Amino acid sequence: QEQLVESGGGLVQAGGPLRLSCVASRSTLSINAMGWYRQAPGKQRELVAHNNSGGRTNYADSVKGRFTISVDNAKNAVYLQMNSLRPEDTAVYYCYLRRGVHDYWGQGTQVTVSS
C-alpha cells in the first residue's frame, strides 16, 4: 500500500507564489511517474504537471512558465512551485504516483487565489 501526504496549500493573493509538497510512504526510486492534478468546483480533475521515471516533465498549457515540478528521491517527495498565481488556479490539488500498474492519490490540498 502507498500513502501520499500533501502540504502547502492555502490562501494567496493573485500574483503570489505557493509551494506544494507531497511525501510518499515508500521510495520513489522505482516509480513510473509522479505529479499533480487539480479539480476546481464543478469541473473535472485535470493534469497540472507530471514527471516520469526518465525525468521528462509535462505541464498543462495553462500553467506553463508559471509552475515547476520537481522530485527529490532522497526525501521521497515531489514539489510543485506555483508562481504568478491567478484566481482560476483555485482548486483542490492532488498528488499522484504511479507504481507499476497502480495509481495512488493524496487526500488533496486546497489552493485559493484571491483577486
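These remarks concern the structure in this document.

Scoring rules and cut-offs
- In this numbering scheme, every chain counts its residues from 1 along its sequence in written order.
- The predicted nature of this model means local features are confined to residues of pLDDT at least 70 and side-chain atom pairs, given and counted, to a pLDDT of 80 or more, with totals for whole chains, interfaces and linings taken over all residues.
- Side-chain numbers here rest on the full set of heavy atoms in the structure, without hydrogens or water.
- By the criteria applied, helices consist of DSSP H or I runs no shorter than four residues and strands consist of E runs no shorter than two, each listed in order from the N terminus.
- In this description the radius of gyration comes from C-alpha coordinates, and the expected globular size is given by 2.2 Å times residues to the power 0.38.
- Relative accessibility thresholds used throughout: buried, under 20% of the residue-type maximum; exposed, over 50%; partly exposed, between the two (1.4 Å probe, protein chains only).
- Only heavy atoms enter the contact rule, under which two residues are in contact if any of them lie within 4.5 Å.
- In this count, Lys and Arg are taken as positive residues and Asp and Glu as negative ones, while His and the chain termini are left out.
- To locate a charge, take NZ of a lysine, CZ of an arginine, CG of an aspartate or CD of a glutamate.
- Strand pairing is defined by DSSP finding a minimum of two bridges between the two strands.
- Here the nonpolar core consists of buried residues drawn from Ala, Val, Leu, Ile, Met, Phe, Trp, Tyr and Cys, with membership extended through side-chain atoms lying within 4.5 Å.
- Stacked, tilted and edge-to-face are the three classes assigned to paired rings of Phe, Tyr and Trp, where Trp is represented by its six-membered ring and a pair needs centres within 6.5 Å; plane angles under 30 degrees give stacked, over 60 edge-to-face, the rest tilted.

**Some points on the overall build of the protein chain**
Assigned secondary structure in the protein chain consists of 0 helices and 11 strands. Ordered by position from the N terminus, the helices and strands of the protein chain form the series β-β-β-β-β-β-β-β-β-β-β. Computed over its C-alpha atoms, the radius of gyration of the protein chain comes to 13 Å, within 12% of the 13 Å expected for a compact globule of 115 residues. Seen through its principal axes, the protein chain has C-alpha atoms that stretch 40 × 25 × 25 Å. Taken across its 115 residues, the protein chain has 42% of its residues classed as buried. A sequence separation of at least 24 residues applies to 55% of the contacts in the protein chain between residues at least 6 apart. Computed over 12 positive and 8 negative side-chain charges, the inter-centroid distance for the protein chain is 3 Å.

**Here we look at the pairing of strand β10 (residues 102-105)**
Working note: regular strand, side chains alternate between the two faces of the sheet. Of the strand pairs in this sheet, strand β9 (residues 91-99) and β10 are connected by 4 bridges, and their pairing is antiparallel. Its bridge partner lying in β10, arginine 98 is registered against aspartate 103. Two successive antiparallel strands, β9 and β10, enclose a turn made up of 2 residues, where glycine 100 displays a positive phi of approximately 65°.

**Re the nonpolar core**
Judged by nonpolar contacts, the single largest core of 27 residues is most densely connected at Met34, Trp36, Leu80, Met82 and Tyr93. Sorting the residues of this core by element identifies β3 (18-24), β4 (33-39), β5 (46-52), β7 (67-72), β8 (77-82), β9 and β11 (109-114) as the ones contributing at least two each.

**Let's talk about the packing of aromatic side chains**
To describe a pair of aromatic rings, you give the distance between the ring centres and the angle between the ring planes. Under the counting rule described, the total for this entry stands at 3 aromatic pairs. On the numbers, 5.2 Å between centres and 80° between planes, the contact of tyrosine 37 with tyrosine 96 is edge-to-face. Taken together, the residues span a long stretch of sequence, with tyrosine 37 in strand β4 and tyrosine 96 in strand β9 at a distance of 59 residues. Between tyrosine 96 and tryptophan 105 the ring centres are 5.5 Å apart and the planes differ by 35°, which places this aromatic pair in the tilted class. Classification of tyrosine 96 by relative accessible area gives buried; the value is 4%.

Spatial relationships are all this shows, so hold off on functional conclusions.
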